[in-house]
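These are the residues of each chain, in order.
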Amino acid sequence: MQVTVKVFRFNPEKDKKPHYESYKLEAEPTDRVLDMLEYIKGYYDGTLSFRRSCAHGICGSDAMRINGRNYLACKALLKDLHSKRITVEPILGMRVIKDLIVDMEQFFSHYRSVMPYFVNNEPPPPQERFQSIEERERFDDTTKCILCACCTTSCPSYWANDQYFGPAAMIAAHRFIFDSRDKAAAERLKILNDQFGVYRCHTIFNCTECCPREIEITQAIGELKVAIITGRLK
Amino acid sequence: MKKHQFDVIVIGAGGAGLMAALYASKTANTAVISKLYPTRSHTGTAQGGVGAALANEEEDHWEWHTFDSVKGSDYLGDQDAIEFMCYEAVQAVYELEHYGLPFSRTPEGKIAQRPFGGHTNNITGKPVRRACYAADRTGHMILQTLYQQCLKNNVNFFDEFQVVDLLVVNGAAAGVVAIELGTSELHVFHAKSVIFATGGHGRVWDITSNAYAYTGDGIAITMRHGIPMEDMEFFQFHPTGIYKLGILITEGVRGEGGVLINGKGERFMERYAPKVKDLASRDVISRAMYLEMKAGNGINGQNYLYLDVRPETVNKYAALDGRRRQDGSPYLMTGEEIIAKLPDIVDFARTYLGVDPVAQPMPVQPTAHYTMGGIPTNKYGEAVIDENYTVMPGLYAAGEVACVSVHGANRLGTNSLLDLIVFGKHAGLRAAEYALGADFQPLPADPTEFTKAQFDRIRNAQGNEKILEVSGKMKTIMMDLVGMFRTGEGMQSALETMRELRERYNHIPLHDQGKIFNTEMINLWELGNLLEIAELTTVCALARTESRGGHARDDYPKRDDVNWLKHTLSWVKPNGEIELRYKPVVITKFQPKERVY
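Cut-off values and rules
- Residues numbered from 1 in each chain as written.
- Chains lettered and ligands numbered in written order.
- Predicted model: local features only at pLDDT ≥ 70, side-chain atom pairs only at ≥ 80, totals over all residues.
- Helix = DSSP H or I, 4+ residues; strand = E, 2+ residues; numbered from the N terminus.
- Rg over C-alpha atoms; globule rule 2.2 N^0.38 Å.
- Buried ≥ 20, exposed ≤ 12 C-beta atoms within 10 Å, placed from the backbone.
- Contact = placed C-beta atoms within 7 Å.
- Arc of directions from axis to C-beta.
- Pairing = 2+ DSSP bridges.
- Axes fitted to C-alpha atoms, helices over the stretch in contact; angles between N-to-C directions.
- Domains from an automatic or database assignment.
- Nonpolar A, V, L, I, M, F, W, Y, C, P; charged D, E, K, R; others polar.
- Core = buried A, V, L, I, M, F, W, Y, C linked by C-beta atoms within 7 Å.
- pLDDT = per-residue confidence, 0-100.

### Thoughts on the overall build of chain B
- When its secondary structure is counted, chain B shows 17 helices and 20 strands.
- Its C-alpha atoms give chain B a radius of gyration of 23 Å, near enough to 25 Å, the size a compact globule of 597 residues would have.
- Principal-axis analysis of the C-alpha atoms gives chain B an extent of 70 × 50 × 50 Å.
- Residues counted as buried form 64% of the 597 residues belonging to chain B.

### Concerning the overall build of chain A
- Scanning chain A from N- to C-terminus turns up nine helices and seven strands.
- Referenced to the eigenvectors of the C-alpha coordinate spread, the extents of chain A come out at roughly 60 × 35 × 30 Å.
- Per-residue burial over chain A gives 52% buried out of 234 residues.
- Taking contacts inside chain A between residues at least 6 apart in sequence as the whole, the part at least 24 apart equals 66%.

### Details of helix α7 (residues 185–192) of chain A
All names here are of chain A.
- Of all the positions in α7, only Ala185, Arg188, Leu189 and Leu192 are classed as buried. Relative to the axis of α7, the buried residues are bounded by an arc of 100° and lie together on one face. Exposed and facing more than 90 degrees away from the buried side of α7 are Ala186 and Lys190.
- Close packing links the buried residues of α7 with α6 (166–177) and α9 (217–230).

### What to know about the sheet that holds strand β11 (residues 235–242) of chain B
Residue and element names in this part refer to chain B.
- Sheet architecture is open: four strands sit in the order β11-β14-β13-β12, paired in antiparallel fashion. Both outer strands of the open sheet, β11 and β12 (259–261), are each paired with one neighbouring strand and no more. Adjacent strand axes in the sheet meet at a mean angle of 45° when their direction is disregarded.
- In this sheet, strand β14 (residues 362–371) lies alongside β11 in antiparallel orientation, the contact comprising six bridges. Its bridge partner lying in β14, His238 is registered against Thr367.

### Looking at the environment of Ala185(A)
All names here are of chain A.
- Mapped onto the elements, Ala185 comes out in helix α7.
- In this structure Ala185 comes out as buried when scored by C-beta crowding, with 20 C-beta atoms within 10 Å.
- In sequence terms Ala185 and Val119 are 66 residues apart; their C-alpha atoms lie 9.0 Å from each other.
- In contact with Ala185, not counting residues within four places along its chain, are Ile177 and Leu233.

### Observations concerning the interface of chain B and chain A
- Opposite the 44 residues of chain B that make contact, chain A presents 43 residues.
- Listed by contribution, the elements that provide at least two residues to the side of chain B that touches chain A are α3 (79–98), α4 (138–152), α11 (343–353), α14 (467–481) and α16 (519–543) of chain B.
- Per-element tally for the side of chain B that touches chain A: the top contributor is α4(B), with six residues.

### Some points on the domain arrangement of chain A
Residue and element names in this part refer to chain A.
- Taken domain by domain, chain A holds domain 1 (2–102) and domain 2 (105–230).
- Just the C-alpha atoms count here: the centres of domain 1 and domain 2 sit 29 Å apart.
- The dominant element in the side of domain 1 that touches domain 2, judged by the number of residues it contributes, is strand β4 (residues 69–72), at four residues.
- Tallied by class, the residues present in the side of domain 1 that touches domain 2 amount to eight nonpolar, four polar and two charged.

### Section: the domain arrangement of chain B
Residues and elements named next belong to chain B.
- What the domain assignment reports for chain B is domain 1 (249–365) and domain 2 (449–561).
- Placing the centre of domain 1 and that of domain 2 at their C-alpha centroids yields a distance of 34 Å.
- Listed as interface residues are four residues of domain 1 and, on the opposing side, five residues of domain 2.
- Among the residues making up the side of domain 1 that touches domain 2, the classes are represented as one nonpolar, one polar and two charged.

### Observations concerning the nonpolar core
Residue and element names in this part refer to chain B.
- Counting residues in hydrophobic clusters, the biggest one holds 273 residues, and the most contacted among them are Val8, Ile9, Ala20 and Ile195.
- Top element by residues in this core is α16. It accounts for 14 residues.
- Among all residues touching Ala20, those that are not within four sequence positions of it are Val10, Ile195, Ala197, Ala398, Gly424, Ala427, Gly428 and Ala431.

### Describing unusual backbone geometry
Residue and element names in this part refer to chain B.
- Residues Val404 and Ser405 are joined by a peptide bond in cis, for which omega reads 5°.
- Positionally, Ser405 belongs in the loop between β18 (402–403) and α12 (415–437).
- One non-glycine residue, Asn154, lies in the positive phi region at around 55°.
- Turning to its location among the elements, Asn154 is positioned in the loop between α4 and β6 (156–159).
- The phi angle at Asn300 is positive, at roughly 50°, despite the residue not being glycine.
- Its location among the elements puts Asn300 in the loop between α8 (282–294) and β13 (305–308).
- Since 6 C-beta atoms lie within 10 Å of it, Asn300 is described here as exposed.

### Here's the deal with the confidence of the model for chain B
- Mean pLDDT over chain B works out to 97, with 100% of the residues at or above the 70 mark.
- Here the predicted complex scores 0.98 on pTM and 0.98 on ipTM.

### Brief notes about the environment of Leu36(B)
- With respect to the secondary-structure elements, Leu36(B) resides in the loop between β2 (30–34) and β3 (50–51).
- Residue classification places Leu36(B) among the buried positions, given that 27 C-beta atoms sit within 10 Å.

### Describing helix α3 (residues 105–112) of chain A
Residue and element names in this part refer to chain A.
- For α3, every residue scored as buried is listed here: Phe107, Phe108, His110 and Tyr111. Buried residues in α3, looked at end-on, bunch into an arc of 155°, giving them a common side. With respect to the buried face of α3, the exposed residues turned more than 90 degrees away are Glu105 and Ser109.
- Buried-residue contacts for α3 involve α6.

Pasting the structure below:
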């Protein structure tokens, strides 16, 4: 079928301000938005720029705003968008560098600030540290995060102030705080107990709705709030 | 042009690169240069597990793992290196656990393990549970864990920098040249040790499980400096890619009891591998699938088969196979268990196929998956640049870009993640050790000379060719003629096409002449790499007049140990000619014999 893809364009070397370009092309219902962008780049305009790599929803490169909602372009199939008109824009709340490419530095800086790494300074046993199936299950959901930034850039609190850690960084903290083997939960909770920390989450659920990994993000942030108040880590 | 100086630089931030960086950075000033943000690397897409004989679920021994890998390699793997890898595997996996990797667990709280293709109990010949897994996102968890530990250890990262050239001075590695993607500025990284960990080149083929980024950069860069490539004719086709898209469906699906079914409703692998059936090695299964489809046994006569992991199917065949759980009870799976063990597979099938795998079978076809060949190295990751194992000072490679060779003619599932962590670690250690005792080589007057010439050609190309047409033709021809089944005639014709395409490539105009994220320019450079690699692959494959592992020829259907029990080394000469020489396979304990699964 024929679709119209309207793409946000901005080339700072040429454009004073951003604009939109529309492209008409033939597409199959199973085509991904990423396939359409590749086609546009290959046949209409080689200057169109976007990030992508694995093309099946694991590497997290191609988070974009598609018809007003955040998706990975490689996981947004035409048939699931229920429209022949598709608008593709960069994710919100970050500086646009060129076309669909945004500056991710602030996002990764928030990630780095929550101690997103395993801490346990006791000498390890010769084999594995034991962990029960239940203990492992406790933080399973947040291990799925691929740092695509769909969540953080769909969050109105983040749009209002990008000093806010944002959902992705808090998910990273959650993954370690609830890991029975880790020893730095208290330090991380202290970091998150901050004016730019967990309390900026107003349970709007945009993050949870658009997470391509289907992580229960709002719930996880809620668990962090409870842990800060009660000190409970189970 | 900006200049940087480090003791060790690592190119690529997947499992091998990060492991190398983690170890090198303990003693040497180390930087990682990656064209992607590290967590975007292709290691993250690995699903089913990392092989190590922990014996957490049943009896197992690293020696069994060694034999299975030798047999899996169709006897082309170097047995000393395979022994080293399988022995080191056990400690390496514990080490990942100590870094915090969230493995799935057994009821006793140990690392959980599942069966995988070609991994067997060497006494009974039955599948053994050796793949240590974190649900079906083991690679994702390895990548995340290693990146996190690198952050903890303050490793320097240069993210979104495309390395485009190696600097060689006095016969030693002296650094690399990179383009900063955000600005197109050239950076010279002066280093004592250079570790390539850039991954494979599965984007040469049409149906592929590989990321867009998998364009063989490390191989292309080093072969332009007269470094030979080893065993380039060996490329693995994984049996179960999503029909038409090539997206990988892990072998773990079959490990959990899924079976392949043809258009007649038969579990056809019984005929090809009577003992382990759907858990034979990948080359065996992919070829069986090809033959089934060729015989008209595809689903509705089409070019795909079913991978069936519905509980009723799993339980039916588990009962026929006499499969039991660890506690001795019959192996019975519920839909919930399947979803819990394979959540990402369920998600892929629902998203891309519109199929719920616990209710319907998944349409699959073999998909280009893994580069067995690459930069020749010894087991310490040192590049060995001729048939006498001469080490090139300062140059290292690890992971999929390297050829140790532990995978020989066919890699076993779970051995790629293992390769990354074992050889990444040793390459990092050795590179740091060398750097601490060596001086910097002097840099050439203009280190960017070759890079500038290369990119001037790309920027100034004239003509009407299109990048998608040239790459599309390469992919389909390589898939049809230098894919799973090959003939001399077909490959000769493919070779001619590749040479035509290389000429057409010079006439693809660059529309984007800007400096900020010029992805078109980088994509064109990457296509140049792929075309050169496609040609090299074809030349190596044409010369090898036998069938072994991933290299199957209709005109030479048998393995020929008399003439071909040897590694190919291929040099690209400055005039473009390709020279082939050979080196023997290292055999320690296992004399080649016929492979039966």
